[in-house]
Amino acid sequence: MAVPSSDRARRPFLLSLSIFLLLSALLVLLFIFLDPSPGTLPFVPSRLAGAAPSLPPLPQQQSPAAIPTPGAGSPSHSQPAAPLADAAAAAAAKPEEENTGASQPAATAAAEASGSRTPAGSSRDATAVETDGKAGTGVGAAGDGSRAGAGGGDDGEEPPVEVRWETCRVERGVAAADYIPCLDNVRAIKRLRSRRHMEHRERHCPAAPRPRCLVRLPAGYRTPVPWPRSRDMIWYNNVPHPKLVEYKKDQNWVKRSGDYLVFPGGGTQFKDGVARYIQFIEQIMPTIQWGTHTRTVLDVGCGVASFGGHLLDRNVITMSFAPKDEHEAQIQFALERGIPAFLAVIGTQKLPFPDNVFDVVHCARCRVHWYANGGKPLMELNRVLRPGGYFIWSATPVYRQEKRDQDDWNAMVAVTKSICWRTVVKSKDVNGIGVVIYQKPVSNSCYVERKANEPPLCSERDGSRFPWYAPLDTCLLAPAVSSSDERYNWPVPWPERLNVRYASAPDDSASKKEKFDGDTKYWKQIVQQVYFNDFPLDWSSIRNVMDMNAGFGGFAAALIDKPVWVMNVVPIGQPDTLPVIFNRGLIGAYHDWCESFNTYPRTYDLVHMSNLVGSLTDRCDIIDVAAEIDRILRPGRWFVLKDTIEMIKKMRPILKSLHYETVIVKQQFLVATKSFWRPGKSAS
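Remember, it's a predicted structure, so these values are computed and weren't measured experimentally.

**Student:** Kindly report on the overall build of the chain, identifying the contributing residues and their values.
**Tutor:** Within the chain, the regular secondary structure consists of 18 helices and 20 strands. Expressed as a percentage of the 684 residues in the chain, the buried residues total 55%. Counting only contacts in the chain whose residues sit at least 6 apart along the sequence, the fraction spanning at least 24 positions is 73%. For the chain, the accessible area works out to roughly 28800 Å², and carbon and sulfur atoms hold 53% of it.

**Student:** Quick rundown of the pattern of salt bridges? Include the residues and the values.
**Tutor:** Tallied over the entire structure, the rule returns 27 salt bridges. The closest approach of N and O atoms between Asp 184 and Lys 324, which form a salt bridge, is 2.6 Å. Taken as a pair, Asp 184 in the loop between β3 (164-168) and α4 (186-190) and Lys 324 in the loop between β8 (317-322) and α8 (330-337) lie far apart in primary sequence, 140 residues in all. In the salt-bridge network here, residues are joined through shared partners; they are Lys 350, Asp 355, Glu 380, Arg 383, Arg 465 and Asp 473.

**Student:** With reference to specific residues and values, describe the state of the cysteines.
**Tutor:** The final tally for this structure, using the stated rule, is 6 disulfides. In this model Cys 363 forms its disulfide with Cys 366; the gap between the sulfur atoms is 1.9 Å. On the S-S bond that ties Cys 363 to Cys 366, the torsion sits near -90°, and the link is left-handed. Considered together, Cys 363 and Cys 366 belong to a single accessibility category, that of buried residues. With its sulfur 2.1 Å from that of its partner, Cys 420 forms a disulfide with Cys 446. Negative torsions about the S-S bond denote left-handed disulfides, and the value of about -85° found for Cys 420 with Cys 446 makes this one left-handed. With Cys 420 in the loop between α11 (403-418) and β12 (422-428) and Cys 446 in helix α12 (residues 445-449), this pair connects stretches of sequence that are 26 residues apart. Exposure remark for Cys 420: the relative accessible area of 9% places this residue in the buried category. On the basis of relative accessible area, Cys 446 is assigned to the partly exposed category, the value being 28%.

**Student:** Help me get a handle on unusual backbone geometry, residues and values and all.
**Tutor:** Of note, the amide linkage connecting Trp 227 to Pro 228 takes the cis form, showing an omega dihedral of 10°. Relative to the assigned elements, Pro 228 resides in the loop between α4 and β4 (233-235). Cis geometry marks the peptide bond from Trp 494 to Pro 495, where omega comes out at 10°. If you trace the backbone, Pro 495 turns up in the loop between α12 and α13 (510-531). Unlike most non-glycine residues, Asn 373 shows phi in positive territory, near 55°. Looking at where Asn 373 falls in the secondary structure, it is placed in helix α9 (residues 372-384). A positive phi angle, close to 60°, is found at Arg 602, a residue other than glycine. Its relative accessible area of 3% is what places Arg 602 among the buried residues.

Definitions and limits used
- Residues numbered from 1 in each chain as written.
- Predicted model: local features only at pLDDT ≥ 70, side-chain atom pairs only at ≥ 80, totals over all residues.
- Heavy atoms only, no water.
- Helix = DSSP H or I, 4+ residues; strand = E, 2+ residues; numbered from the N terminus.
- Buried < 20%, exposed > 50% of the residue type's maximum accessible area, 1.4 Å probe, protein only.
- Contact = heavy atoms within 4.5 Å.
- Areas by Shrake-Rupley, 256 points an atom, 1.4 Å probe, with all protein chains shown as cover.
- Salt bridge = Lys/Arg side-chain N within 4 Å of Asp/Glu carboxyl O.
- Disulfide = S-S within 2.5 Å.

Structural data, given as structure tokens:
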């Protein structure tokens, strides 16, 4: 029977429709099995989603008193990230981004792509800083080394942000490989009206636009000598500064030996070596009890930090500091050796440490006139020294009889008496080198009994006690006790104090105690389960660790059995937990991460940031923060970001533009490895 002509006309259409429906069904099935995202396809079985295993939630690191933020009071983002399981589920609820290999955004859109904001009054791109003319566009191909992480997989490849990275161009007199933006601002230093009180050694950060450039590597730079061998020898090419070798050749500070710089453990006051000097101090004052009663030490004018380096053998952690001055790169030597150190000066501003936190302060020929300027430098030591703590002073006024030395000694006697310090012991070693040890009072009785109230005791009328960019006190900080007869309680001996929160900590309460205990337990568990097992880190090559948002110091406490030390930073705008960190027997400092840190380039093996990106992007450009991380991180070493997947996606493209190899672990950790790449140079 003949087919009607109308049916013959519909056959091609029906055939085409059938083929289209069949292909659509195949594409849907293919998409399901290639991209099983539970957020877009909730009917897919949960086993296909590959969710991360559950880990304990991070306790809130909160305190009623937050550190003041510069400028207008921006909101504090002190809330921690969600638990790992929740974060993984939240991340999976969003469509995954695909790396399509599309062209990169323009440099002017870099900040928007990273979710950051340029500070007010700043309208510039990455090329608006001084550079040496060598530039490299930080854009990598899809196969730039980024890879999926363990236990939950990657969330998709984000293309690198296009940033025209350039190497920093510095002013005359500044070594390009040692550039520190807030200490090498030559133009600002030239405008100073006075240098009498070391103003030129203090922080003078560049105004916006801030530097967005990369510090070059020294010629011949290589992977640092590992700890503990690094305490005694380092590669010369990593810190190629010969002046100190010649300047201190008769004092056994440092010597050149082939490709190495060698540190014999000598010093201006250490005629028989620093180990014998440390032993001598304990002999003349046994109550100091290195490593049990005394745990945290501040070493003023530390040289190459051999004193702090050898105290590590006694379970003592020392914050060694000195200015960036004519003693060429002494702090850089210390950090290259793997010894805790920090660039600072007692000039016109307070040190970035809390009140009453160091067990001992030490000065061996540190060239500070303690009695000068009305005794303000010594009152600054009194501020940071714990009540009952000791000040150890070894200098020529202690043991020489020349008129100048005796004048200095008499001035020191007058100042120490006025601030109620007691002379515990004054002695000489076999070489005739003298040491005097003072003790800060543990009660207010001496201050009350003084005939003259000079210097006056500090009161609430004197304003904020917070030390960031604050002038030195003109008043005397007394022990925080309620009556003149009450005594300050010293922390329990080390190592028990590591896990104890003290009543002397600010805003102490039962709820804070619970948060402290929960934070300690959380970090101990997560470091053991994730950091040691799932991260592509070589822990045997890690010595210097920076925690950019330390909270209660739980991360550092979890690493206590590793041969590492941690610089615990409490950022501006976050809860003030630094006194708690010191009470635990750990060390740290306050800092604003919208500015450069007081350290040399290439001084840390691991830089750790936890739940901080959000608050930083409220005040500064996250690209600038990434440039500072790159400055202080050693090539071949690691940056770890613990945050929400949203914040990880903001930071990851910027790190890719720096040619970092990145991996996302459990949807809440970004691990990035710094390469040897510099603009105009290869990454190998």
